[in-house]
Amino acid sequence: MHSGNKWAVLTSVLLWLLPMSAAPAQELANPESWAAPELVDHPLTGRIWDARRQTFIGPNELAASIADARYLLLGEKHDNPDHHTLQLAVVESLLRQERLYRVSFEMLDSDVRERLLDIYLQEPMNADELQAYLMWDTEGWDWSFYGPLVQAVYAAGIGIAAGNITRDEVSAIYANDNASSREVLGEAALARLELDIDESHCGLLPESQFPAMVRVQQARDRTMAGSLRPPAADMTSVLVAGNYHVRRDLGVPNYLLRREPSLAPEAIVTLSFMEVQDGETDPALYQEQFGEQHAFDYLWFTPSVGEEDYCAAMRQ
């Protein structure tokens, strides 16, 4: 599991906002060309699966379907550039509709929260200055992927939130046997988390470490949920995170519902940007689920960046 005059951003903001105001309110589309190189001609590439209705829908129908979401969770495979392009398109759609309330990023840790509170009290920042101000971890998160989305949110004056915890916080949680939120997911779901953690570590993680890894996963999901402030009426708070974090069955939605017991489950919408797999053309088979809940409400299929044998690297 990247200059210019400080005030140049003002001009870029105006140029960026003008075409948006004239654009159709719910315009969404696939990129003109895909950036990921593998399986571009796969039958599912560019298609959107509505898991609630078990049918394919078009981009504009998706825009209409998510328009009333109180919380919109955008999943991704972190190294797929097309996922970031499509996330930006969804966020811009919400901006055009004047629905976007706040955007939280898994890629920002809690140690930048104070800076985020003051971000709009600073002189306008260009891309390089914004990256530096956010103390962006360029080794962990490719700024060329995330920068356009962060800049779009910043240019629109929308609240930016840190969704993740720091390494020091991870260490503290790892060592604290009482940090697990067992009442949120229950024993069966926690067992599934342990299984998934074992598989994601290629079976190399000692079983004694499973509970601690589950605690860290839960802490991240709980923190992401907490970073999503309840939006104003008719507006939407957005989370940008890895696909596993936004899972309806095991991830952030459970902590949102725990925090807001009166929240209707359908007020949370999970949209996964999902790489296609060679030879797999049934969209339902991409829809992992634990128990009776689908992991995602919508799947938007993209080409793949290619298979990398992470386990082989770990075993070296």
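Quick caveat: nothing in here was measured; it's all calculated off a predicted structure.

Structural notes on the overall build of the protein chain
No. 1: Helix and strand counts for the protein chain stand at 11 helices and 10 strands.
No. 2: Residue burial in the protein chain is summarised as follows: out of 316 residues, 50% are buried.
No. 3: Total accessible area on the protein chain stands at roughly 15000 Å², and carbon and sulfur atoms take up 50% of it.

Examining the packing of helix 3 (residues 81–96) against helix 6 (residues 143–155)
No. 1: At their nearest, the axes of helix 3 and helix 6 sit 8 Å apart, and the two run at 10 degrees to each other. Here helix 3 is positioned roughly parallel relative to helix 6, judged by the angle of their axes. Residue-level contacts link Pro-81, His-84, Gln-87, Leu-88, Val-91 and Leu-95 of helix 3 to Phe-145, Tyr-146, Pro-148, Leu-149, Ala-152 and Val-153 of helix 6.
No. 2: For the contact of helix 3 with helix 6, the residue count by class is 10 nonpolar, two polar and no charged.

Some thoughts on the packing of helix 7 (residues 167–175) against helix 9 (residues 210–227)
No. 1: Interaxial distance between helix 7 and helix 9 falls to 8 Å at its minimum, and their mutual angle equals 130 degrees. Between helix 7 and helix 9, the angle is such that the two are oblique. Helix-helix and strand crossings are classified by hand; for helix 7 and helix 9 the assignment is right-handed. Along its contact with helix 7, which presents Val-170, Ile-173, Tyr-174 and Ala-175, the element helix 9 presents Ala-212, Met-213, Arg-215, Val-216, Ala-219 and Arg-220.
No. 2: The residue inventory of the contact of helix 7 with helix 9, partitioned by class, reads eight nonpolar, no polar and two charged.

Thoughts on empty space enclosed by the protein
No. 1: Here the largest cavity defines a volume of roughly 30 Å³.
No. 2: Along its surface, the largest cavity is lined by Leu-28, Ala-63, Ile-66, Ala-67, Val-90, Ser-93, Leu-94 and Gln-97.
No. 3: For the lining of the largest cavity, the secondary structure elements donating two or more residues are helix 2 (59–66) and helix 3.
No. 4: The element best represented in the lining of the largest cavity is helix 3, accounting for three residues.
No. 5: In the lining of the largest cavity, the residues fall into six nonpolar, two polar and no charged.

A closer look at the layout of surface pockets
No. 1: Of the voids in this model, the second largest pocket is the one considered here, and its volume is about 260 Å³.
No. 2: At the level of elements, helix 4 (113–117), strand 5 (159–164) and helix 9 are the ones that each hand at least two residues to the lining of the second largest pocket.
No. 3: Broken down by element, the lining of the second largest pocket gets its largest block of residues, four residues, from strand 5.
No. 4: Here the residues of the lining of the second largest pocket sort into seven nonpolar, three polar and three charged.

Structural notes on the confidence of the model for the protein chain
No. 1: Mean pLDDT for the protein chain: 88, with 88% of residues reaching 70 or above.
No. 2: A low-confidence stretch, residues 1–25 (pLDDT under 50), is modelled with 36 contacts involving residues beyond four sequence positions or located in other chains.

Notes on the side chain of Thr-302
No. 1: On the secondary structure map, Thr-302 appears in strand 10 (residues 298–302).
No. 2: Thr-302 sits in the buried class, given a relative accessible area of 0%.
No. 3: In this structure Thr-302 touches Trp-34, Thr-45, Asn-80, Asp-82, His-83, Leu-86, Met-274, Glu-275 and Val-276, once residues within four positions along its chain are discounted.

With respect to the pattern of salt bridges
Pairs can form between side chains of opposite charge once their charged atoms are near each other.
No. 1: Tallied over the full model, the rule gives 10 salt bridges.
No. 2: One salt bridge in this structure joins Glu-61 and Arg-53, with 2.7 Å as the shortest N-O distance.
No. 3: Judged by relative accessible area, Glu-61 falls into the partly exposed class, the value being 35%.
No. 4: Residue class for Arg-53 comes out partly exposed when judged on its relative accessible area of 47%.
No. 5: Residues Glu-275 and Lys-77 are paired through a salt bridge, measuring 3.9 Å at the closest nitrogen-oxygen approach. On the criterion of sequence distance, the pair formed by Glu-275 in strand 7 (residues 268–275) and Lys-77 in the loop between strand 3 (71–75) and helix 3 is long-range, its members being 198 residues apart.
No. 6: Each of Asp-50, Arg-53 and Glu-61 takes part in one network of salt bridges that share partners.

Focus: the nonpolar core
No. 1: Counting 47 residues, the largest nonpolar core has Leu-62, Val-90, Phe-105, Leu-108, Leu-134, Trp-136 and Trp-300 as its most contacted members.
No. 2: Each residue touching Trp-136, except ones within four places of it in the same chain, is listed here: Met-107, Leu-108, Gln-131, Trp-141, Asp-142, Trp-143, Tyr-146 and Val-150.
No. 3: Membership of the second largest hydrophobic core comes to 34 residues, among which are Tyr-71, Leu-190, Ala-241 and Ile-268.

Some details on the packing of aromatic side chains
No. 1: The tally for this structure, following the rule as stated, stands at seven aromatic pairs.
No. 2: A ring pair is formed by Trp-49 and Phe-56, whose centres lie 5.0 Å apart and whose planes are at 70 degrees; its orientation type is edge-to-face.
No. 3: Ring centres of Trp-141 and Tyr-146 lie 6.0 Å apart, and the angle between their planes is 90 degrees; on these two criteria the pair is classed as edge-to-face.
No. 4: Put simply, the rings of Trp-136, Trp-141, Trp-143 and Tyr-146 touch in pairs and so form one group of aromatic residues.
No. 5: A cation over a ring is seen here: Arg-115 above Tyr-133, with NZ or CZ 5.3 Å from the ring centre.

Rules used in this analysis
Residues numbered from 1 in each chain as written. Predicted model: local features only at pLDDT ≥ 70, side-chain atom pairs only at ≥ 80, totals over all residues. Heavy atoms only, no water. Helix = DSSP H or I, 4+ residues; strand = E, 2+ residues; numbered from the N terminus. Buried < 20%, exposed > 50% of the residue type's maximum accessible area, 1.4 Å probe, protein only. Areas by Shrake-Rupley, 256 points an atom, 1.4 Å probe, with all protein chains shown as cover. Axes fitted to C-alpha atoms, helices over the stretch in contact; angles between N-to-C directions. Parallel < 35°, antiparallel > 145°, perpendicular 65-115°, else oblique. Contact = heavy atoms within 4.5 Å. Nonpolar A, V, L, I, M, F, W, Y, C, P; charged D, E, K, R; others polar. Left-handed = near helix turned anticlockwise from the far one by under 90°. 1 Å grid on protein atoms, 1.4 Å probe; cavity = no way out; pocket = protein on both sides within 12 Å on 5 of 7 lines; lining within 4 Å. Points joined across faces, edges and corners; volume = space filled by probe spheres on them. pLDDT = per-residue confidence, 0-100. Salt bridge = Lys/Arg side-chain N within 4 Å of Asp/Glu carboxyl O. Core = buried A, V, L, I, M, F, W, Y, C linked by side-chain atoms within 4.5 Å. Phe/Tyr/Trp six-rings, centres within 6.5 Å; stacked < 30°, edge-to-face > 60°. Lys NZ or Arg CZ within 6 Å of the ring centre and 35° of its normal.

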